[in-house]
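Architecture and fold: a report
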Amino acid sequence: MKTRILLLLAIATSIAAFFIFDLGQYLTLEALESQQAAIESYRRAHPGLTAVIYTLVYIAVTALSLPGAAVLTLAGGAIFGLLWGTVVVSFASSIGATLAFLATRFLFRDAVEARLGDRLQAIDEGINRDGPFYLFTLRLVPLFPFFMINLAMGLTALRIWTFYWVSQVGMLAGTIVYVNAGTQLAKIDSLSGILSPALLGSFVLLGLFPLLAKKVVEGVKVMKVYQKWQRPKRFDNNLVVIGAGSGGLVTAYIAAAVKAKVTLIEKHKMGGDCLNTGCVPSKALIRSAKWLSHLQRSKEFGIKQASADFDFADIMERVQSVIKTVEPHDSIKRYTELGVDVIEGEAKIISPWEVQVKTAEGIQILTTRSIVIAAGARPFVPPISGIETIDYLTSDTVWNLRILPRRLLILGGGPIGSELAQCFARFGSQVIVVEMAPRLLVREDSDVSEAVMAHFKQEGADLRLEHTAKAFIVENGEKILVAEHQGKQVKIPFDQVLVAIGRAANVEGYGAEELGIALSPRKTIATDAFQATNYPNIYACGDVAGPYQFTHTAAHQAWYAAVNALFGQFKKFRTDYSVIPWSTFTDPEVARVGLNEQDAKERGVRYEVVTYGIDDLDRAIADGEAHGFVKVLTQPGKDKILGVTIVGEHAGDLIAEFVLAMKHGIGLNKMLGTIHIYPTLAEANKYAAGVWKRTHAPQGLLRWLERLHAWRRG
Ligand SMILES: Cc1cc2nc3c(=O)[nH]c(=O)nc-3n(C[C@H](O)[C@H](O)[C@H](O)COP(=O)(O)OP(=O)(O)OC[C@H]3O[C@@H](n4cnc5c(N)ncnc54)[C@H](O)[C@@H]3O)c2cc1C
C-alpha cells in the first residue's frame with residue numbers, strides 16, 4: 001500500500017510539474033521548428049548523448065501519459081532521419097507505453113478486481129483470448145488516444161510481454177508515417193495534416209485485418225469440423241438431448257416450453273445421479289442419521305434416556321422410498337406431458353446432426369439441428385494397486401448396502417466422502433476417513449474444516465489426514481489399506497471401503513471421440529462461454545462440462561445450452577458464473593457463495609472479513625444448535641459482499657439471502673435495514689451485517705455525539 005501511495009505521489013508530482021512549469025511549450029510544432037537548427041548542431045556534436053536524452057524524454061512523456069508524443073515523434077524524424085528515427089521512436093514509445101501500462105496495473109488493478117469480483121475472470125479470459133487482436137487494431141489506427149490504450153490495457157490481465165510486442169508491431173506503421181513527416185519538418189504546418197483521410201482509411205483497414213482474419217480462421221475451423229459430414233436437408237428435431245439428469249431434464253423442459261421439437265434420451269434412470277445415487281438418497285440418509293444423533297444427545301434436551309432400535313436395511317429402504325416419491329418429478333410421464341419426446345435407450349452421436357438410439361426395440365436414427373450433451377459424470381476410481389480385488393463401494397453402489405459395515409473406510413474427505421462418513425458414523429459404523437490433504441473439505445477455509453472435523457471427531461470418526469493411499473492388500477483374510485503418512489507406511493484394516501475421491505466426466509461411449517469433440521484439460525467436454533463445443537451446433541452442460549458439479553449449476557448451464565442451441569444464430573447468451581452457491585450437508589452444514597479467504601488470497605483480491613458466531617444466536621441456543629458462524633468478505637471500506645461462508649444448522653438455506661444480495665448488488669447496509677423474524681436462524685445473516693456495521697461505525701462522529709449528549713444532560 002505504501003509503495004502504491006509513493007508511486008501515485010511521484011506520478012502526480014511529475015505531471016503537476018509538467019503543467020506548472022509549462023513544459024508543454026517545448027513539445028509543440030512551433031517550438032520544434034524554431035529549435036531545429038540548435039538541436040541539429042547539438043546532435044552533430046554529441047550524437048550518442050542526443051539519442052539517449054531523446055529516448056529518455058520520449059519514455060518519460062509516454063510513461064506519464066503527457067501530451068506531446070506526436071511532436072516528439074516528428075522530432076525523431078527531424079533529428080535522426082527515417083531509419084534511426086523509426087528505430088529509436090519505436091523502442092522508446094513501446095517502453096514508455098509498457099511503463100504506463102504497468103503503473104496502471106500496479107495502482108488500480110486490485111481496485112478493479114475488488115469491484116468486479118468474479119465477473120473479472122470472464123473479462124480476463126476474453127482478454128487473454130482476443131486481447132492481442134484488439135490491441136493490435138487499436139494501435140494501428142492512430143485515431144485511438146495512445147495513452148488511453150496504455151491505461152485501459154493495464155487494468156486487464158493481458159500479459160506484459162504480449163502488450164509490449166503487440167504495441168511495438170501495431171504502432172510501427174504509424175511511427176514510420178510520423179517519423180517520415182518529421183524528416184520534412186519544414187513542410188508541415190499542422191499535426192492534423194500528417195494523416196490524409198486516405199492514409200487513415202488504410203490504417204483502419206490494416207487494423208481491422210487481424211480481427212477479420214481471426215474471424216475467417218474461426219469460420220474455416222468451423223467449416224473444417226463439418227466438412228466430412230453430410231448435412232441432412234431437413235431435421236426431425238430442433239434439439240436432441242443426451243442424458244436425463246439435472247442438466248438434460250432442464251434443457252428438454254426449456255426447449256419444450258418454447259415449443260421446439262425436442263427428444264430426450266436416457267439410457268439408465270430418469271433423473272440421473274441426483275435423483276438416483278446423489279443428492280436425493282444422500283439427503284434422505286443424512287436425515288435418518290441426524291435423527292439418531294438427536295437421540296444420542298437426548299440428555300441435552302431434558303430427556304433422561306432415549307434409544308433407538310433400528311435396522312440399517314430399513315433406513316436404506318426409506319432412502320429408496322424417498323427416491324420413489326420424488327421420481328414423478330423427473331418421470332417420462334411428466335416430461336411427455338410437457339411436450340418432450342422421451343426415449344429410453346442409449347444415444348450415440350453419429351454425425352453433427354444425427355443421433356443413433358439403441359432401444360429394447362431396436363436402433364433408430366434421429367436427425368436434429370442441435371444436440372445438447374448432458375451425459376453426467378461417474379465416481380473416479382484411482383488405479384491403486386489391489387483396488388480391483390476388494391469389492392469397493394462408490395456413490396453409485398453404496399445405496400445397495402443393506403448390512404451396516406462394521407469398519408467402513410472412506411477414501412476421500414471431500415463433500416461426498418464427508419457427508420457419507422458422518423452418516424455411517426452415526427449409524428454405528430467405525431468410520432475411518434483417509435484424506436491426502438491436512439484437513440477435510442479443502443476447498444473451504446481452514447476454520448470451516450476445523451468446525452466440521454471437531455464434530456466428526458466428537459462423533460467417533462477416525463480422521464487419517466495427510467495419508468496417501470498406496471495399495472489395498474488382504475492379510476490373513478483381513479482387508480487392509482496401505483497408506484503413506486509423513487514418509488512412513490501405515491496399515492489400516494477395514495471391512496468395506498467407499499471410494500469418494502472425485503467424479504470423472506462421462507466423455508466416452510456416445511460418439512464424442514469419433515466426432516472429435518474437444519476435451520478440456522480437466523477431461524470434461526470443452527465448452528465455450530455459451531456452452532457450445534467445437535461443433536457450434538453441439539452443446540454440453542452439467543457434470544460432463546463442468547467446472548462445477550452440482551445439480552443447480554447443471555440446471556443453470558442447461559438454460560444457456562437450450563437457449564443458445566435453439567436461438568444462437570440470432571442471439572447468444574454467455575453463461576453467467578458471477579454468483580455460484582453450494583452447500584455440503586454435513587452437521588454442521590457448510591454453505592458458500594462467492595469468495596472465501598483462501599480464494600481471495602490466491603487471486604490477490606483485497607478484502608475485509610467479519611464473522612458472527614452463531615453460538616450467540618437466541619434461536620440456535622433454544623434449538624441446542626449454538627455453534628458455527630457466518631463469515632462475510634466485503635470490499636475494503638464498502639458494504640459490497642464478495643463472498644459468504646456459513647457453518648451451522650441449515651446453512652444451505654440461510655445462505656440464500658446472501659446469494660440474492662450478491663446477485664442483485666445488495667450490500668450489508670440494506671441487509672441490516674431489513675426486518676428478520678425473531679427468533680430465527682436467519683437472524684444470523686442480519687447480525688453478521690451488524691458486526692460489519694459496528695466495525696465501520698464513524699468513530700469520530702460518535703465521539704462528537706457523546707460530547708453532545710453529555711452537554712445536553714447539563
Ligand atoms: C453422493 C452424491 C451427492 C450429491 N449431492 C448433491 C447435492 O446435495 N447438491 C447438488 O447440487 N449436487 C449434488 N451432487 C451432484 C449432482 O448429483 C450432480 O452434479 C448432478 O446430478 C449432475 O447432473 P447432470 O445432468 O450433469 O448428470 P447426471 O445426473 O449424471 O445425468 C446424466 C445422465 O446421462 C445419462 N447418459 C449418459 N450417457 C448416455 C447415453 N449415451 N445415452 C443416454 N443417456 C446417457 C446417464 O445415464 C445419466 O442419467 C451429488 C452427487 C453425488 C454422487
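Structure's up top.
Residues numbered from 1 in each chain as written. Predicted model: local features only at pLDDT ≥ 70, side-chain atom pairs only at ≥ 80, totals over all residues. Heavy atoms only, no water.

**Structural notes on the overall build of the protein**
Scanning the protein from N- to C-terminus turns up 24 helices and 21 strands. The principal-axis extents of the C-alpha atoms in the protein amount to approximately 105 × 90 × 55 Å. Here the protein holds 714 residues, and the buried ones make up 48% of them. Look at the contacts in the protein between residues 6 or more apart in sequence, and 65% of them connect residues 24 or more apart. (Helix = DSSP H or I, 4+ residues; strand = E, 2+ residues; numbered from the N terminus. Buried < 20%, exposed > 50% of the residue type's maximum accessible area, 1.4 Å probe, protein only. Contact = heavy atoms within 4.5 Å.)

**Brief notes about the site of the ligand**
In the vicinity of the ligand lie 36 residues, with Gly247, Glu266, Lys283, Asp543 and Thr551 positioned nearest. Between Asp273 and the ligand, the recorded distance is 2.9 Å, taken from a backbone N or O atom to an oxygen atom. With respect to the ligand, the backbone of Phe550 contributes an N or O atom lying 3.2 Å from an oxygen atom. When the ligand is considered free in solution it has 990 Å² of accessible area, and contact with the protein chains removes 93% of it. Every element with two or more residues in the shell around the ligand is listed here: α9 (246-257), β2 (262-266), α10 (272-276), α11 (279-296), β4 (346-351) and α17 (551-567). Across the shell around the ligand, the residue classes break down as 12 nonpolar, 16 polar and 8 charged. (Near = heavy atom within 4 Å. Polar contact = N/O pair within 3.5 Å; in protein donor to acceptor, adjacent residues only side chain to side chain. Areas by Shrake-Rupley, 256 points an atom, 1.4 Å probe, with all protein chains shown as cover. Nonpolar A, V, L, I, M, F, W, Y, C, P; charged D, E, K, R; others polar.)

**Details of the environment of Thr584**
You can see Thr584 is positioned in strand β17 (residues 581-584). Of the residues examined, Thr584 reaches a relative accessible area of 3% and is grouped as buried. Taking the C-alpha atoms as reference, Thr584 lies 17 Å from Arg426; in sequence the two are 158 residues apart. Non-local contacts of Thr584, meaning those with residues more than four positions away in its chain, are made with Pro415, Glu419, Leu441, Glu589 and Val590.

**Notes on unusual backbone geometry**
In this structure, the amide linkage connecting Gly546 to the following residue, Pro547, adopts the cis form with an omega of 0 degrees. The residue Pro547 is located in the loop between β16 (538-540) and α17 in this model. Cis rather than trans, the peptide bond between Asp587 and Pro588 has omega equal to 5 degrees. Checked against the element boundaries, Pro588 lands in the loop between β17 and β18 (589-594). In this model, Ser65 sits at a positive phi of 55 degrees, which is unusual for a non-glycine residue. Within the element layout of this structure, Ser65 appears in the loop between α3 (47-63) and α4 (69-116). The phi dihedral of Leu441 falls on the positive side, at around 45 degrees, and the residue is not glycine.

**Observations concerning helix α21 (residues 656-663)**
Buried residues of α21: Phe658, Val659, Ala661 and Met662, and no others. Buried residues of α21, viewed axially, fall in a sector of 165 degrees; they line one side. Close packing links the buried residues of α21 with β17, β18, β20 (629-634), β21 (641-648), α22 (668-672) and α23 (683-695). Downstream of α21 by a residue or two, Gly665 has a phi angle that is positive, lying close to 65 degrees. (Arc of directions from axis to C-beta.)

**Let's talk about the side chain of Ser90**
Among the secondary structure elements, Ser90 is positioned in helix α4. Ignoring anything within four residues of it in the chain, the contact list for Ser90 reads Gln168, Leu172 and Thr175.

**Side note on the state of the cysteines**
Throughout the structure, instances matching the rule amount to 1 disulfide. Between the sulfur of Cys274 and that of Cys279 lies a disulfide, 2.3 Å long from S to S. Given an S-S torsion of about -130 degrees, the disulfide between Cys274 and Cys279 has left-handed geometry. (Disulfide = S-S within 2.5 Å.)

**Side note on the sheet that holds strand β19 (residues 608-613)**
Within the open sheet, the 5 strands sit side by side as β17-β18-β21-β20-β19. Their pairing is antiparallel. This sheet does not close on itself; its edge strands, each paired only once, are β17 and β19. Adjacent strand axes in the sheet meet at a mean angle of 10 degrees, parallel and antiparallel pairs treated alike. Two strands pair when backbone bridges link them, and β19 and β20 are joined in this way by 6 bridges, in the antiparallel orientation. Across the sheet, residue Val609 finds its bridge partner in β20, namely Leu633. Each of β17, β18, β20 and β21 touches α21; the most contacted strand, β21, lies at about 175 degrees to it. (Pairing = 2+ DSSP bridges. Axes fitted to C-alpha atoms, helices over the stretch in contact; angles between N-to-C directions.)

**Things to note about the pattern of salt bridges**
Here the structure, examined in full by the defined rule, presents 30 salt bridges. We note a salt bridge from Arg402 to Glu317, for which the minimum N-O separation is 2.8 Å. With Arg402 in the loop between β7 (377-379) and β8 (407-411) and Glu317 in helix α12 (residues 312-326), the pair connects residues that are 85 residues apart, well separated along the chain. We classify Arg402 as partly exposed; its relative accessible area is 27%. The residue Asp576 makes a salt bridge to Lys663 at a minimum N-O spacing of 2.5 Å. On the criterion of sequence distance, the pair formed by Asp576 in the loop between α17 and β17 and Lys663 in helix α21 is long-range, its members being 87 residues apart. (Salt bridge = Lys/Arg side-chain N within 4 Å of Asp/Glu carboxyl O.)

**Let's talk about the side chain of Thr533**
Turning to its location among the elements, Thr533 is positioned in the loop between α16 (512-515) and β16. Among the polar contacts made by the side chain of Thr533, one reaches the main-chain carbonyl oxygen of Ile538 at a distance of 2.8 Å. Those residues within four positions of Thr533 in sequence are excluded, and the remaining contacts are Ile517, Ile525, Ala526, Ile538, Tyr539 and Ala540.

**Here we look at the packing of aromatic side chains**
Taken as a whole and judged by the stated rule, the model has 18 aromatic pairs. Measuring from ring centre to ring centre gives 5.3 Å for Tyr54 and Phe80, while their planes differ by 70 degrees; the resulting arrangement is edge-to-face. With Tyr54 in helix α3 and Phe80 in helix α4, this residue pair connects regions lying 26 residues apart in the sequence. Judged on exposure class, the residue Tyr54 and its partner Phe80 are both buried. Here Tyr226 and Tyr535 contribute two aromatic rings whose centre-to-centre distance is 5.5 Å and whose plane-to-plane angle is 75 degrees, an arrangement assigned as edge-to-face. Of this pair, Tyr226 sits in helix α8 (residues 197-227) while Tyr535 sits in the loop between α16 and β16, and the two are 309 residues apart along the sequence. Exposure class is identical for Tyr226 and Tyr535. Each is buried. (Phe/Tyr/Trp six-rings, centres within 6.5 Å; stacked < 30°, edge-to-face > 60°.)

**Structural notes on the sheet that holds strand β12 (residues 478-485)**
Spatially, β11-β12-β13 is the arrangement adopted by the 3 strands of the open sheet, whose pairing is antiparallel. The outermost strands of the open sheet, each flanked by one partner alone, are β11 (467-475) and β13 (488-494). Taking each pair of neighbouring strands and ignoring which way they run, the sheet shows an average axis angle of 30 degrees.

**Here we look at the nonpolar core**
One finds Leu285, Val398, Phe424, Phe427, Leu440 and Leu463 to be the most contacted residues of the largest nonpolar core, which totals 40 residues. Only α11, α12, β8, α14 (415-427), β9 (430-434) and α15 (446-458) provide two or more residues apiece to this core. Element by element, the count of residues in this core is highest for α11, at 7 residues. Residue contacts for Val398: discarding those within four places in its chain leaves Met316, Leu393, Leu420, Phe424 and Leu498. Core analysis: the next-biggest nonpolar cluster, separate from the first, contains 28 residues, Ala591, Tyr612, Leu654 and Leu681 among them. (Core = buried A, V, L, I, M, F, W, Y, C linked by side-chain atoms within 4.5 Å.)

**Considerations on the packing of α11 against α14**
Two numbers describe how α11 lies on α14: the axes approach to 9 Å, and their chain directions differ by 40 degrees. As the angle between them shows, α11 and α14 are arranged oblique. Every pair of crossing elements has a handedness; the one defined by α11 and α14 is left-handed. Residues Ser282, Lys283, Leu285, Ile286, Ser288, Ala289, Lys290, Leu292, Ser293 and Gln296 of α11 form the contact with α14, whose own contacting residues are Glu419, Leu420, Cys423, Phe424, Arg426 and Phe427. (Parallel < 35°, antiparallel > 145°, perpendicular 65-115°, else oblique. Left-handed = near helix turned anticlockwise from the far one by under 90°.)

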